[in-house]
Structures are given as C-alpha cells and as structure tokens.
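# Observations on chain architecture
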Amino acid sequence: MSQPATKVSLTGIKPTGEPHLGNLIGAIRPALDLAEQYQSIYFIADYHALTTEREPELLRHYSRAVAATWLAVGLDPDRTIFYRQSDVPEIFELTWIMACVTGKGLMNRAHAYKAARDRNVEAGEEPDTGVNMGLFNYPILMAVDILAMESDVVPVGKDQVQHVEYAADIAGSFNYLYGDRYSFTIPEAIIPDTEGAHTLPGLDGRKMSKSYGNTIPLFLPEAQLKKLVRKIPTDSTPVEAPKDPDSSSVFAILSQFAPDDTVAETRKRLEEGGLGWGELKNQLFEVLNERLAPLRERYETLMEPGSELDDVLADGARRARERAGRVLRQVRTAVGIEPER
Ligand code: ADP
Ligand code: TRP
C-alpha cells in the first residue's frame, strides 16, 4: 500500500515590526511544532506589508529581521520551505487570474476593508479615504499565497480566519468554472491555542502587541531587556504579603519561559508571601536572558549582510517557484491562456 501524501501546512508572516515574545509563544512555536507533522511552507509576506509600510529601509529591515528570527529560534530550512513572497513572481501572475474569478462583493465584505470604511464614516470622511487598492485586494493575494502551494492547512491567528475562508471560496469559484481541467486544493484554517495561558501580556498588562506599543522584542541587547522587564506593571503589595500569581503579568511571562518546576516553586512562594515583585522581575530577566542569549547571537550573525540567511532564502525561493510554477502552468492552460497540452 502506498503511504498517504504528507499534508501541507502553510503560513505567511507579515514583516511589520520587530518580532516580540508574544509572537514567539503565539505563532512561531506552534508553527515549528506543526512542521513535525506536515510538509511545512512558511514565508515572509513582504508584499502584504507594502500595503501599509511606506519606509523602504524599514520594510527591508523588518523582512530580514523576521526571517532571521524564525531561523534563529529553530526553523529547519531542510524540512521547511522558507522564502520571501516577493521572490516568487508566479504568485503575482496567479493573483490576476484569481482576481478574475473573485466577486467584488466578497471583497467589500472583508473585515479589514470594512473596518477601514467604518472608521472613515465615523470620522465624517469619505468611506474610502486612505484605502489603497493593495489593501482592498489583500485577501486575493493571500488566497493565492495559500492556493499556489496547494496548502491543506493554514495556521493563523483568529483575525486571519476570514481570509482563509476567502481562499477556500475563491478556490471554489475557480473549481466550479474550470474544475474539469484543474482543481485547487481547498484549504482550512487551524488556530493555535492563543487564549488564556498562551496570550502573553505586554508592558501595560494588555495583550502584547505591536499596535499597543507594549512589546518586549525578542532580541534586545541584554541591558535593554533588563530595563523593559523592570517596566512591567505590578501593584504595591509589600514583599511579605501573599500574592495572586494569576493576576501578575510578570508571572504570566515567566510561566512561558521557565522550566515547570521553577514555575511551580515560584507560584508557591508568591502565594505564601515573602517573594517581592522586584525579585520576581530579576528572576524573569535571568530566565529570559538565559533562553534568549544563544538565539540572539545566532540572530545577529544571520542579520549580517551576505550571511547564510541569503542562501536559505534563495534556496527556499527556488523550491517555492517550482511548486507555484507547476500550478500556474496548469491554470494557464485551464483558463485558455496556454494551448492545451
Ligand atoms: P501584533 O499584535 O504584535 O501586531 P501580529 O498581529 O503580527 O502581532 O501577530 C502575529 C502572530 O503572533 C499571530 O499569530 C498572533 O496570534 C501571535 N501573537 C501576537 N501577539 C501575541 C501575544 N501577546 N500572545 C500570543 N500570541 C501573540
Ligand atoms: N495576512 C496575514 C497576517 O496579516 C499574513 C499572510 C499573508 C498569510 N499571506 C498569508 C497568512 C497566507 C497565512 C497564509 O498575519
């Protein structure tokens, strides 16, 4: 009997800021775990970032920083196809073809676009003020990222589930029209558990997020890491008083990075009293620094111009183009751009 083919897991990472501890816990680690069971395909969605990032230097920096981060924390490029979206021109040709089978009404209902319109209307502006066509077409490009690689599952945060459903819809429209010649695989979203314990709080106690400006970036120099950890808010409970570990951001972050027995021991000391917030913060800094220092070193080497990072991305692009090219050739024939073979 033949073995069932390994299913494909694909996700895109939009390079719009310095990767932070929350991204590691909520996105990078779960994706690296999935690479154990699936053929994994992960890429830097740099053309998606262009819909909002207007600083060329920043776009370049974030694209490189995000790629270096994934490699530094353990992505294995032999196992995972890892590339930059912009290095795969087949995706953009396919985006046009798929735009031709996508209803405009579907795009009008996309959450991100609708939210932008609602904000404008509320502010008394024209509904489409500040909306570029890249933002409007964003879900079609994302659908093609997914479909061009014949993905089965797409690990994403909750805010991206609608986009994966759109990819399935758009694939369905194509298959309805041309399915006797070529059929896209219908993808499905999978949502890593980022509720409760897996949502990391930031420097103000809210969810750690670039949009709140409350993040602890992963690869800060040691002194800055220490400074930020000191900034995490705590209440004024005296050292000797018992404390509730579950309402402490410092403890929440510690729980994700320290070994289980250390976490249990710290929980006990907080509940009994005698462990002050200052000491807890020192402990958190030590734990983080110990875990991150070797990764930071690898990251810094990868960030150097002409590093191994460039070879990894070039090889990933070659493999991604091969896959997307196979799909594109069949699609071009199916829709009547290429002669029948
Ligand atoms: P940000 O909120 O900083 O802009 P993104 O929206 O770019 O982060 O998120 C990228 C991924 O990281 C998503 O899958 C998201 O669920 C995950 N993530 C972001 N912040 C956190 C957090 N504080 N805790 C857990 N996961 C997070
Ligand atoms: N839109 C996703 C985000 O903002 C990034 C992304 C682009 C993506 N293309 C994708 C995610 C394809 C999954 C699959 O986070």
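Residues numbered from 1 in each chain as written. Chains lettered and ligands numbered in written order. Predicted model: local features only at pLDDT ≥ 70, side-chain atom pairs only at ≥ 80, totals over all residues. Heavy atoms only, no water.

## Some details on helix H1 (residues 21–34)
- Under the 1.5 Å per step criterion, the end-to-end length of H1 is 19 Å for 14 residues, consistent within 8% with the ideal 20 Å.
- Remark: the principal bend of H1, roughly 35 degrees, maps to Ile28, with a proline, Pro30, within the next four residues. (Helix = DSSP H or I, 4+ residues; strand = E, 2+ residues; numbered from the N terminus. Expected span 1.5 Å × (residues − 1). Bend = angle between axes of the 7 residues up to and from the residue.)

## Observations concerning the pattern of salt bridges
- Using the criterion set out here, one finds 16 salt bridges in the structure.
- Between Asp246 and Arg267 there is a salt bridge whose closest N-O contact spans 2.9 Å. With Asp246 in the loop between helix H9 (222–231) and helix H10 (249–257) and Arg267 in helix H11 (residues 260–272), this pair connects stretches of sequence that are 21 residues apart.
- Asp315 is paired through a salt bridge with Arg318; the nearest N and O atoms lie 2.7 Å apart. With Asp315 and Arg318 both in helix H13 (residues 308–335) and 3 residues apart, this pair spans about one turn of that helix.
- Taking relative accessible area as the criterion, Asp315 reaches 30% and is therefore assigned partly exposed.
- The class of Arg318 is partly exposed, set by a relative accessible area of 45%. (Salt bridge = Lys/Arg side-chain N within 4 Å of Asp/Glu carboxyl O. Buried < 20%, exposed > 50% of the residue type's maximum accessible area, 1.4 Å probe, protein only.)

## With respect to the domain arrangement of the protein chain
- The assigned domain composition of the protein chain is domain 1 (8–198 + 306–335) and domain 2 (219–301).
- On a C-alpha basis, the centres of domain 1 and domain 2 stand 34 Å from each other.
- Taken together, the contact pairs 15 residues of domain 1 with 11 residues of domain 2.
- Interface of domain 1 and domain 2: buried area, both sides summed, is about 970 Å²; carbon and sulfur atoms make up 62% of it.
- Of all residues in domain 1, Leu21, Arg29 and Ala72 bury the most surface against domain 2, accounting for 46% of the area lost on that side.
- Where domain 1 packs against domain 2, one counts 0 salt bridges.
- At the junction of domain 1 with domain 2, the criterion picks out 1 residue pair in polar contact (both at pLDDT 80 or more).
- Elements represented by at least two residues in the side of domain 1 that touches domain 2 include exactly H1 and helix H3 (56–72).
- Counting residues per element, the side of domain 1 that touches domain 2 draws most heavily on H3, at 5 residues. (Domains from an automatic or database assignment. Contact = heavy atoms within 4.5 Å. Buried area = accessible area lost by both parts, 1.4 Å probe. Polar contact = N/O pair within 3.5 Å; in protein donor to acceptor, adjacent residues only side chain to side chain.)

## Quick look at the site of ligand 1
- The environment of ligand 1 is made up of 13 residues, and the closest members are His20, Leu200, Met208, Ser209 and Lys210.
- Take Gly22: an N or O atom from its main chain is 3.2 Å from a nitrogen atom of ligand 1.
- Between ligand 1 and Lys210, the relevant distance is 2.7 Å, taken from an oxygen atom to a main-chain nitrogen or oxygen of the residue.
- Burial of ligand 1 by the protein amounts to 78% of the accessible area it has alone, namely 540 Å².
- Looking at the shell around ligand 1 residue by residue, the classes come out as 3 nonpolar, 8 polar and 2 charged. (Near = heavy atom within 4 Å. Areas by Shrake-Rupley, 256 points an atom, 1.4 Å probe, with all protein chains shown as cover. Nonpolar A, V, L, I, M, F, W, Y, C, P; charged D, E, K, R; others polar.)

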